[in-house]
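In case you want the letters, here they are:
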Amino acid sequence: MSDKINILFTGATGYIGGAVLERLLKHPDASRFHIIAIVRSQEKAEKLKKLGIDVVVGSHSDAHTVRDAASKADVVFAVADADNLDAASAMMQGLKQRFEKTGKKSVLIHTSGTGTLTDKANGAFTYDKVYDDNDADQIETLSDDADHRHVDLLVLKADKDGYVKTHIVLPSTIYGIYSGKLVDLGIQNPHSVQIPKLIKLGKERGQAGMCGKGQNTWPHVHINDIADLYINLYDAIVANSPAPGHGREGYYFGENGHYRAGELAKAIAVELAAHGVGKDEPTTFTEEEFNKDPMVGYFGTNSRAKGSRARALGWKPKYTDKDFYASIKPEVNALLK
Ligand SMILES: NC(=O)c1ccc[n+]([C@@H]2O[C@H](COP(=O)([O-])OP(=O)(O)OC[C@H]3O[C@@H](n4cnc5c(N)ncnc54)[C@H](OP(=O)(O)O)[C@@H]3O)[C@@H](O)[C@H]2O)c1
């Protein structure tokens, strides 16, 4: 009997996914892994094949592709799109088929985000409520229409239905330009979402921006630390001693400190000003800007998280508040090149 572990991987070409995949390729058990990635780009697929990865070229909107791949997976790393309900649904159907056929429960490590904890502060205040990933009752107070929640609820139901063990990783504001083999090979996107978007908005409007007075607060985590969390979680699942929480007890927040939105906006303003873009003080996004781009309002929300369960796995994030602010200069330099 083959002792290969069939791993289905989504998001291999992405910022988080590429960093996690690189770690799987270097994992001590890598020789036992049979990794299958669903990738949209034929060119990137060819490059991944050269790294020993089996690739299905296709989109997650192709339910048949996702269902079929999931029906053969011992383990799934879903690191693509936290909001794609159809893809998640096809994934669960495939995992259910596998359970019904083999009696084996697969392991799912799904990616959500601490955006699910947000409010509508619009930059006016910081709230005191901090969500702890060890407190399942508190997490269950989230409303069904919270960000990412529609997919997370589907994932939680699958665990409750008993055909898969689900684990949800919730990164916060991930920062740092990723450097590694998959980036060098032109496979992986090296940039995160929120800070690059704020920099691009600042460039477009000629001045770094923030919502209100930037009093709202978010957690942050470095890309290397969050990628390590996926591996710590995987290793703990395999070691099974004790088995890490799954289902409603299977939330893992990726954070290593918090930042005020106004302080981030100020740091971006200073770096943009050094490139001749605006002054070194951010200004408030106008109502028109707020209405034009849904991401603008997002920058005014609070999200407060404590990764207790994540740390109980042995996860030891290394990058600090100082690293967070130090990451702004290279990010601005790269994006204004
Ligand atoms: N970055 C952050 O700070 C952060 C924080 C919290 C949560 N998250 C969430 O984590 C997820 C991944 O984020 P990321 O920063 O890694 O984003 P990213 O760099 O844009 O990566 C997204 C990945 O998903 C793939 N993908 C998306 N839709 C697909 C589809 N229909 N079919 C096939 N592949 C598809 C992309 O493939 P292509 O290369 O073909 O586009 C890419 O590999 C997102 O849902 C994001 O909201 C991110």
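Up top you'll find the structure we're talking about.
This text gives an overview of the structure that appears in the document. (Residues numbered from 1 in each chain as written. Predicted model: local features only at pLDDT ≥ 70, side-chain atom pairs only at ≥ 80, totals over all residues. Heavy atoms only, no water.)

**Quick look at the overall build of the protein**
Next, step 1: Check the secondary structure of the protein and you find 15 helices and 14 strands.
Next, step 2: Scaling as 2.2 N^0.38, a compact globule of 337 residues should have a C-alpha radius of gyration of about 20 Å, and the protein matches this with 20 Å.
Next, step 3: Over its C-alpha atoms, taken along the principal directions, the protein stretches across nearly 65 × 45 × 35 Å.
Next, step 4: Across the 337 residues that make up the protein, the buried fraction comes to 53%.
Next, step 5: Within the protein, residue pairs in contact and separated by at least 24 positions form 82% of the contacts whose partners lie at least 6 positions apart.
Next, step 6: Approximately 15000 Å² of the protein is accessible, and the part contributed by carbon and sulfur atoms is 51%. (Helix = DSSP H or I, 4+ residues; strand = E, 2+ residues; numbered from the N terminus. Rg over C-alpha atoms; globule rule 2.2 N^0.38 Å. Buried < 20%, exposed > 50% of the residue type's maximum accessible area, 1.4 Å probe, protein only. Contact = heavy atoms within 4.5 Å. Areas by Shrake-Rupley, 256 points an atom, 1.4 Å probe, with all protein chains shown as cover.)

**A word on the sheet that holds strand β5 (residues 106-111)**
Adjacent strands of a sheet pair through backbone hydrogen bonds, lying either parallel or antiparallel.
Next, step 1: With respect to topology, seven strands assemble into an open sheet ordered β3-β2-β1-β4-β5-β7-β11, the strand pairing being parallel. Looking at which strands have only one partner, the edges of the open sheet turn out to be β3 (54-57) and β11 (251-254). Each adjacent strand pair in this sheet contributes to an overall mean axis angle of 15 degrees, direction not counted.
Next, step 2: Of the strands in this sheet, β2 (33-39) and β3 are in contact with helix α2 (residues 42-49), which crosses β3 at around 170 degrees.
Next, step 3: Against the sheet, helix α6 (residues 149-161) engages β5, β7 (164-171) and β11, with an angle of about 150 degrees to β7. (Pairing = 2+ DSSP bridges. Axes fitted to C-alpha atoms, helices over the stretch in contact; angles between N-to-C directions.)

**A short note on the site of the ligand**
Next, step 1: Not every one of the 21 residues close to the ligand is listed here, only the nearest: T13, Y15, H60, A82 and N189.
Next, step 2: Take G14: an N or O atom from its main chain is 3.0 Å from an oxygen atom of the ligand.
Next, step 3: A82 is positioned such that a nitrogen or oxygen atom in its backbone is 2.7 Å from an oxygen atom of the ligand.
Next, step 4: Calculation on the ligand without its partners gives an accessible area of 890 Å², and the protein chains cover 79% of this total.
Next, step 5: A molecule is said to occupy a pocket when more than half its atoms come within 2 Å of that pocket's grid points, and by this definition the ligand occupies the largest pocket.
Next, step 6: When the residues that make up the shell around the ligand are grouped by side-chain class, the tally is eight nonpolar, eleven polar and two charged. (Near = heavy atom within 4 Å. Polar contact = N/O pair within 3.5 Å; in protein donor to acceptor, adjacent residues only side chain to side chain. 1 Å grid on protein atoms, 1.4 Å probe; cavity = no way out; pocket = protein on both sides within 12 Å on 5 of 7 lines; lining within 4 Å. Sits in = over half its atoms within 2 Å of the grid points. Nonpolar A, V, L, I, M, F, W, Y, C, P; charged D, E, K, R; others polar.)

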